[in-house]
Amino acid sequence: MIGILGGTFDPIHFGHLRTALEVAEHFGIPDMRLIPGKVPPHRPQPVATPEQRLTMLQAAIASEPCLQADDRELRRDGYSYSFDTLTSIRAEVGGKRPLLFTLGFDAFQHFQSWHRWQEILQLAHLVVVHRPGYSLPPEGWHTPFLGTNPDDLHTTPAGNIYSLAVTALDISATDLRTRLKAGKNPRYLLPDTVLGYIQTHQLYCET
Ligand code: ATP
């Protein structure tokens, strides 16, 4: 099984990192990939460059073997559609291996506007993680897809949706950028290595 957490990671913070680790542990995923988007289709464009965001991500996960940085979206031109990313991973691993695409409920709320969203469910399972202020309602378009037994994930490659409560960390990259711009210290909300990189390169001091 391969786990995937896509994001802008502008910058990566402990909310992303705990989510990736807890999803990996909960579902027994040895290979959890964090995939930064180059040109996110559904939101304002990132402040840091793709290379800077990848470097911060690599620094953040350097000592955690089950987390990997995957730069395939940065090597692709145009919008970073999850459909294209999952199609390319599928092409590499074949049709049988379960893929587990992780997203926060804030992102999931707009899932039906995503490029080829129905086909995403044919390529991967979804894990929707709770974020402070957001959790998956019991009823909705997703109800027929809701999986209850995580063991099923190991036997089917795609098509189920799981809801998972991870440690609630009310941290967002937007808040970190605001703090940095205001000259505030965001230490303990993100890894020190990432903060060191931000300070060395004077990122996010102005927008
Ligand atoms: P921004 O504030 O710039 O929108 P963000 O902090 O929401 O950024 P993203 O890179 O947009 O981070 O998020 C990538 C993925 O990680 C999304 O699926 C998002 O829901 C999830 N995520 C982000 N922060 C948290 C958090 N604190 N707890 C759980 N999931 C999170």
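Because the structure is predicted, anything quoted here is derived from the model rather than measured. The residue numbering used here restarts from 1 in each chain and proceeds along that chain's sequence as written. Reporting in this predicted model follows two pLDDT cut-offs: at least 70 for local features of residues, and 80 or more for side-chain atom pairs to be given and counted; totals over whole chains, interfaces and linings ignore these cut-offs and use all residues. Excluded from the side-chain calculations are hydrogens and water; all other atoms, namely the structure's heavy atoms, are used.

Q: In this structure, what is going on with the environment of Gln 109? I would like to understand it.
A: Numbered from the N terminus, helices here are DSSP runs of H or I no shorter than four residues, and strands are runs of E no shorter than two. For Gln 109, the location among the structural elements is in the loop between helix H4 (105–108) and helix H5 (117–123). Burial classes follow relative accessibility: with a 1.4 Å probe on protein chains only, a residue under 20% of its type's maximum area counts as buried, one over 50% as exposed, and anything between as partly exposed. Relative accessible area serves as the criterion here: at 45%, Gln 109 is assigned to the partly exposed category. Along the chain, Gln 109 and Gly 140 lie 31 residues apart, while their C-alpha atoms are 11 Å from each other.

Q: So what exactly am I meant to see when it comes to the nonpolar core here?
A: One broad rule of soluble globular proteins: the nonpolar side chains tend to lie buried together. Side-chain atoms within 4.5 Å are what join buried Ala, Val, Leu, Ile, Met, Phe, Trp, Tyr and Cys residues into a set we call a nonpolar core. Counting residues in hydrophobic clusters, the biggest one holds 40 residues, and the most contacted among them are Ile 12, Phe 27 and Met 56. Mapped onto this core, the elements with two or more residues apiece are helix H1 (14–27), strand E2 (31–36), helix H2 (50–61), strand E5 (125–129), strand E6 (161–164), helix H6 (173–181) and helix H7 (192–200). Top element by residues in this core is H1. It accounts for six residues. In this description, contact between two residues means that some pair of their heavy atoms is separated by no more than 4.5 Å. The residues contacting Ile 12, other than those within four sequence positions of it, are Leu 17, Leu 34, Met 56, Leu 57, Ala 60, Leu 190, Pro 191 and Val 194.

Q: Hey, could you run me through the pairing of E5 in this one?
A: On a regular strand, one side chain projects to one face of the sheet and the next to the other, so that they alternate. E5 sits mainly inside the fold: five of its five residues count as buried. Here E5 shows a buried face lined by His 125, Val 127 and Val 129 and a second buried face lined by Leu 126 and Val 128. For two strands to count as paired, DSSP must find a minimum of two bridges between them. Relative to E5, strand E4 (residues 99–104) runs parallel, the two being bridged by five bridges. Among the inter-strand pairings, Leu 100 is bridged to a residue of E5, identified as His 125.

Q: Hey, could you run me through the confidence of the model for the protein in this one?
A: Taken over all residues, the pLDDT of the protein has a mean of 93, while the share at 70 or more is 100%. Across the predicted assembly, pTM comes out at 0.94 and ipTM at 0.97. The score called pLDDT rates the predictor's confidence residue by residue, from a low of 0 to a high of 100.

Q: Help me understand the site of the ligand, please; the structure alone is not making it clear to me.
A: We call a residue near a molecule or strand whenever a single non-hydrogen atom of that residue lies within 4 Å of it. Not every one of the 21 residues close to the ligand is listed here, only the nearest: His 16, Arg 43, Asp 106, Ala 173 and Thr 174. For the purposes of these results, a polar contact is taken to be a pair of N or O atoms within 3.5 Å, where, inside protein, one atom must be able to donate a hydrogen and its partner to accept one; residues adjacent in sequence count only when each atom of the pair is a side-chain atom. One of the backbone nitrogen or oxygen atoms of Leu 169 is found 2.9 Å away from a nitrogen atom of the ligand. Ala 173 is positioned such that a nitrogen or oxygen atom in its backbone is 2.8 Å from an oxygen atom of the ligand. In this structure, the ligand is accommodated by the largest pocket. Put simply, the parts of the chain that give the shell around the ligand at least two residues each are strand E1 (2–7), H1, E4, H4 and H6. Of the grid points, spaced at 1 Å and generated over the protein atoms alone, those admitting a 1.4 Å probe that cannot get out make up cavities, while open sets with protein on both sides within 12 Å along at least five of seven lines make up pockets; any residue with an atom within 4 Å of a point is treated as lining. Assignment of a molecule to a cavity or pocket requires that more than half of its atoms lie within 2 Å of the corresponding grid points.

Q: What is the right way to read the pattern of salt bridges from this model?
A: Where charged atoms from two side chains of opposite charge approach closely, those side chains can pair. Each reported salt bridge corresponds to a side-chain nitrogen of Lys or Arg within 4 Å of a carboxyl oxygen of Asp or Glu. This structure, assessed with the given rule, holds 12 salt bridges. Between Arg 72 and Glu 92 there is a salt bridge, with the nearest N and O atoms lying 3.0 Å from each other. Taken together, the positions of Arg 72 in the loop between strand E3 (67–69) and helix H3 (82–93) and Glu 92 in helix H3 put the pair 20 residues apart, joining distant regions of the chain. Among the ionic pairs, Asp 192 bridges to Arg 187, the shortest N-O distance being 2.9 Å.

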